[in-house]
Amino acid sequence: MAATMKLSTLGYAASMLSTGLLDEQFQKLLLLQNKSDPNFVAETITLFCEDGEHTIGELTKRLDKQCVNFDEVAAFVHKLEGGSASVGAKRVKNTCIQFLEFCKEKSRDGCLKTLDTLRVVFYEVSGKFKDMLQLEQQQAEATK
Amino acid sequence: MTSYVEGSPVKALIVDDSAVETMVLTAMLRKFHCEITTAKNGKEAVQMFLEGKKFDIIFREKDMPVMSGPEAIEKIRALGEIHVKIVGVSVGDNAQEAFMRVGADEFLPKPMKLDVVGAIIQEIIKKKKKNNDTVQA
């Protein structure tokens, strides 16, 4: 994407980096894109957003039960932790780490509180990712 | 390990239930012209070996549904697949012991670094070439 992304979109990504929403892993992701795989970053972050939304839905369902299966909850959080680490979504990753601690302690209250935080940080980053992709698409159409 | 033909790609198997992480690792391995197969859990991976498929390297996540990474490694090694390089991967460092105990060759914390993955792939290419030279001699 470093080669094919528009400057304005890179600027958007830079602001996400400077506010701590993303870390240097996102820059590494950009470097994996090339001409033979020009949609790699767009596809990866789209998938991250879709998977993350599904995960938050599953976590909400599971924590809504009186008897919580913390192993199942931890499995979902771990998957989101991995995905967020891979795309550089720093705040989501760090929130997942906290979440896993509450799963280990089998604390439903702790998990519920952290889920609220996770929702906020996830939708913040996924919203910005979607804006970034939209900007990229608009730029691409404008230059056709 | 698959036999070496000059210029033949390294056959890599990615075992991970996360599509995002599979996508990122696939992009890395493509940089090194690997032939890539993916599986969503350890059971699918074991099934591939039972069907006679061969790989040079397996990247295996620890926590997966149906069958975990370490459990699948045990089964694969028990099938006599002692030459395939198995790299355990997980977020955080605390999965290392679980992997090494069951016969993984290496552990990499996620997110993986391109240069580290590249060095592992280069090592496999050298080893395959050496094995091929030994067989031909």
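Residues numbered from 1 in each chain as written. Chains lettered and ligands numbered in written order. Predicted model: local features only at pLDDT ≥ 70, side-chain atom pairs only at ≥ 80, totals over all residues. Heavy atoms only, no water.

A.B. asks: Sorry, what's going on with the packing of aromatic side chains here?
C.D. replies: For any pair of aromatic rings, geometry is given as the distance between the ring centres together with the angle between the planes. Inspection of the entire model under this criterion finds six aromatic pairs over all chains. Site record: aromatic cluster; members linked through ring pairs are F26, F48, F122, Y123 and F129 of chain A. (Phe/Tyr/Trp six-rings, centres within 6.5 Å; stacked < 30°, edge-to-face > 60°.)

A.B. asks: Even after reading the chapter, I still don't get the pattern of salt bridges, so can you show me in this structure?
C.D. replies: Side-chain pairing between opposite charges can occur once the charged atoms of the two side chains come close. Applying the stated criterion to the full structure yields 18 salt bridges over all chains. E58 of chain A is the salt-bridge partner of R62 of chain A, the closest N and O atoms lying 2.5 Å from each other. A residue pair is termed a helical-turn pair when its members lie 3 or 4 positions apart in one helix, as R62 of chain A and E58 of chain A do in helix α3 (residues 40-63) at four residues. Of the charged contacts, one joins K85 of chain B and E123 of chain B as a salt bridge, the two residues approaching to 3.3 Å between their closest N and O atoms. Of this pair, K85 of chain B sits in strand β4 (residues 85-91) while E123 of chain B is found in helix α5 (residues 114-136), placing the two residues 38 residues apart along the sequence. Overall, E123 of chain B belongs to the partly exposed group, its relative accessible area being 40%. (Salt bridge = Lys/Arg side-chain N within 4 Å of Asp/Glu carboxyl O. Helix = DSSP H or I, 4+ residues; strand = E, 2+ residues; numbered from the N terminus. Buried < 20%, exposed > 50% of the residue type's maximum accessible area, 1.4 Å probe, protein only.)

A.B. asks: Sorry if this is basic, but what is going on with the environment of C103 of chain A here?
C.D. replies: All names here are of chain A. Relative to the assigned elements, C103 resides in helix α5 (residues 90-104). By relative accessible area, C103 is classed as buried at 5%. With residues up to four places along the chain from it excluded, the contact list for C103 reads F70, V73, A74 and C111. (Contact = heavy atoms within 4.5 Å.)

A.B. asks: Looking at this structure, I do not really get the interface of chain B and chain A. What am I missing?
C.D. replies: Bring the parts together and some accessible area is lost; that lost area is often taken as the interface size. Taken residue by residue, the interface counts 18 residues in chain B and 21 residues in chain A. In this assembly, chain B packs against chain A so that about 1,600 Å² is buried in total across both faces, 69% of it on carbon and sulfur atoms. Considering only the surface of chain B that becomes buried against chain A, V20, M23 and V91 of chain B emerge as the three largest contributors, covering 33% of it. For the pair chain B and chain A, the interface holds one salt bridge. Residue D37 of chain A is joined to R30 of chain B by a salt bridge in which the shortest nitrogen-to-oxygen separation is 3.8 Å. If you look at where chain B meets chain A, you find four residue pairs in polar contact (both at pLDDT 80 or more). Here the side of chain B that touches chain A takes nine residues from helix α1 (residues 19-31) of chain B, the largest share from any one element. Considered class by class, the residues forming the side of chain B that touches chain A number nine nonpolar, two polar and seven charged. (Buried area = accessible area lost by both parts, 1.4 Å probe. Polar contact = N/O pair within 3.5 Å; in protein donor to acceptor, adjacent residues only side chain to side chain. Nonpolar A, V, L, I, M, F, W, Y, C, P; charged D, E, K, R; others polar.)

A.B. asks: I would appreciate a short explanation of the nonpolar core in the present structure.
C.D. replies: General note: in soluble globular proteins, nonpolar side chains tend to be found buried as a group. Counting residues in hydrophobic clusters, the biggest one holds 60 residues, and the most contacted among them are F26, F48, F99, L118 and F129 of chain A. Every residue in contact with L118 of chain A, bar those within four places of it in the chain, is listed here: I56, L59, L80, V92, T95, C96 and F99 of chain A. By size, the runner-up hydrophobic cluster in this structure holds 21 residues, among which are L13, V15, A45 and M48 of chain B. (Core = buried A, V, L, I, M, F, W, Y, C linked by side-chain atoms within 4.5 Å.)

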